Amino acid sequence: NRLKLSFIERSKLAKNPVAAKLFEIMSAKQTTLCLAADLTDATKILNLAEQVGPYICALKTHIDIIEDFHSNFIEPLKDIAKRHNFVLFEDRKFADIGKTVEFQYSKGIYQISSWASLVTVHSLTGKGVLDAIKGATGNPERGVFLLAETSAAGSLITDSYTKSTLKLASEYPDLISGIVCQNPLFLDNPGLIQLTPGVKIESKVDNLGQQYNTPDLVVAEKGADVAVVGRGITEACDPVAAAQLYREMLWKAYSKRIAV
Ligand code: 6AU
């Protein structure tokens, strides 16, 4: 049961190299916090990344929401990630046929495969997408988080879709870093990471269908390894203090989980 194992033990069981690295970072920095840096201004993202860098294991972008995106945004972002030892994660949620995804992943103005070690992928279109990501040009250090469930109210994802997603993940052990989900779905595969978004200390929903759980609940009861926090940090009066607080709450919950 992965919920009882430490991240350092699990790093040795991970078959995807980025998952192994993420486990090591989580263990070394004592943080399971992934910041969703959902800001539309490039400089604001860089400043926030620099400030919260010590408290996060990964920084998740939606690169296509940045209004002043330029390819010269990427080098400083990579530099900050390197100095503070966190992973760059583009939440692209690829969902097209393989050939199109190959282009979306490695071409265009974002050239995601050249800088993001992690990306999110919908399982909807099946194996072709994963084959495309595996074979595309770019940094060979790459991992995929497959979406098996969502935090959105009224989602069309069914139990059988979720199950089929886990089966698909098991067919690509060297590529899949983990699963994006809301429940402890894969207890028997400790090398995979459960990434859970929809985490906030207050406010149970937003006005567009997002549903939140508290840091303690997602880790203790819902099986989250890495927790994604966006507006809980970006919209706080003091984002750095908020990041520190989320990091601490999440780490305490994890420590308690592996201790009992
Ligand atoms: O904390 P928030 O609500 O401000 O931001 C949550 C972040 C956003 C979403 O695009 C993303 O998490 N997300 C995902 C991911 C990570 O793929 C899946 C999901 O089910 N719900 C969700 O909110 O950047």
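Cut-off values and rules
- Residues numbered from 1 in each chain as written.
- Predicted model: local features only at pLDDT ≥ 70, side-chain atom pairs only at ≥ 80, totals over all residues.
- Heavy atoms only, no water.
- Phe/Tyr/Trp six-rings, centres within 6.5 Å; stacked < 30°, edge-to-face > 60°.
- Helix = DSSP H or I, 4+ residues; strand = E, 2+ residues; numbered from the N terminus.
- Lys NZ or Arg CZ within 6 Å of the ring centre and 35° of its normal.
- Expected span 1.5 Å × (residues − 1).
- Buried < 20%, exposed > 50% of the residue type's maximum accessible area, 1.4 Å probe, protein only.
- Arc of directions from axis to C-beta.
- 1 Å grid on protein atoms, 1.4 Å probe; cavity = no way out; pocket = protein on both sides within 12 Å on 5 of 7 lines; lining within 4 Å.
- Points joined across faces, edges and corners; volume = space filled by probe spheres on them.
- Polar contact = N/O pair within 3.5 Å; in protein donor to acceptor, adjacent residues only side chain to side chain.
- UniProt positions renumbered as here; feature names shortened; annotations may be inferred.
- Contact = heavy atoms within 4.5 Å.
- Pairing = 2+ DSSP bridges.
- Axes fitted to C-alpha atoms, helices over the stretch in contact; angles between N-to-C directions.
- Salt bridge = Lys/Arg side-chain N within 4 Å of Asp/Glu carboxyl O.

This part takes up the packing of aromatic side chains. In this structure the tally under the stated criterion is 8 aromatic pairs. Between the aromatic rings of Trp251 and Tyr254, the centroid separation amounts to 4.7 Å while the plane-to-plane angle is 50 degrees, which identifies the pairing as tilted. Taken together, the positions of Trp251 and Tyr254, both in helix α10 (residues 239-259) and 3 residues apart, correspond to about one turn of that helix. Among the aromatic residues, those joined into a ring-pair cluster are Phe7, Phe23, Trp251 and Tyr254. The lysine or arginine in question, Lys99, covers the ring of Phe103, its NZ or CZ lying 5.2 Å from the ring centre.

Looking now at helix α7 (residues 159-170). Taking 1.5 Å as the rise per residue, α7 with 12 residues should run 16 Å; its terminal C-alpha atoms sit 17 Å apart, in good agreement. Every buried residue of α7 is accounted for by Tyr161, Thr162, Thr165, Leu168 and Ala169. Considered in projection along α7, the buried side chains sweep an arc of 120 degrees and stay on one side of the axis. For α7, the exposed residues lying more than 90 degrees away from the buried face are Asp159, Lys163 and Lys167.

Roughly 480 Å³ of volume is contained in the largest pocket. Considering the residues around the largest pocket, the lining is formed by 29 residues, among which Asp38, Ser151, Pro197, Gly198 and Gln210 are closest to the centre. For the lining of the largest pocket, the elements supplying multiple residues, two or more each, are β3 (87-94), β8 (226-229) and α9 (231-234). The biggest single contributor to the lining of the largest pocket is α9, with 3 residues.

So, about helix α2 (residues 17-29). Taking 1.5 Å of rise per residue, 13 residues should cover 18 Å, and α2 covers 18 Å from first to last C-alpha, within 8% of that figure. Where α2 is concerned, the buried positions are Val18, Ala19, Ala20, Leu22, Phe23, Ile25, Met26 and Lys29. N-cap assignment for α2: the residue whose side-chain oxygen lies 3.1 Å from the backbone N of Val18 is Asn16. A positive backbone phi angle near 50 degrees is found at Gln30, which sits one or two residues after α2.

A few words on the UniProt feature "binding site: substrate" (unreviewed entry) in the protein chain. UniProt records the feature "binding site: substrate" (unreviewed entry) at Asp38, Lys60, Ser151, Gln210, Gly230 and Arg231, using the numbering of this structure. Checked against the lining of the largest pocket, the annotated residues reduce to Asp38, Lys60, Ser151, Gln210, Gly230 and Arg231. Mapped onto the fold, Ser151 is located in the loop between β5 (143-147) and α7. By relative accessible area, which is 10% here, Ser151 ends up buried. In this structure the side chain of Ser151 is engaged in a polar contact, spanning 2.5 Å, whose partner is the side chain of Gln210. In this fold, Arg231 is placed in helix α9. Beyond its immediate chain neighbours, meaning those up to four positions away, Arg231 contacts Lys200, Asp206, Gln210, Tyr212 and Ala236.

This paragraph deals with the sheet that holds strand β2 (residues 58-61). Hydrogen bonds between backbone groups are what pair the strands of a sheet, and the pairing can be parallel or antiparallel. Spatial ordering of the closed barrel is given by β1-β2-β3-β4-β5-β6-β7-β8, a layout of 8 strands whose pairing is parallel. Strand-to-strand twist of the sheet, defined as the mean angle between neighbouring strand axes without regard to direction, takes the value 25 degrees. Sheet topology note: the strand β7 (residues 193-196)/β8 ladder contains 2 bridges and is parallel. Its bridge partner lying in β8, Leu195 is registered against Val226.

One pass over the full model with this rule turns up 15 salt bridges. Residue Arg83 pairs with Asp79 through a salt bridge whose shortest N-O separation is 3.2 Å. Linking Arg83 with Asp79, this pair stays in helix α4 (residues 74-84), spanning 4 residues, or about one helical turn. Between Arg257 and Asp225 there is a salt bridge whose closest N-O contact spans 2.9 Å.

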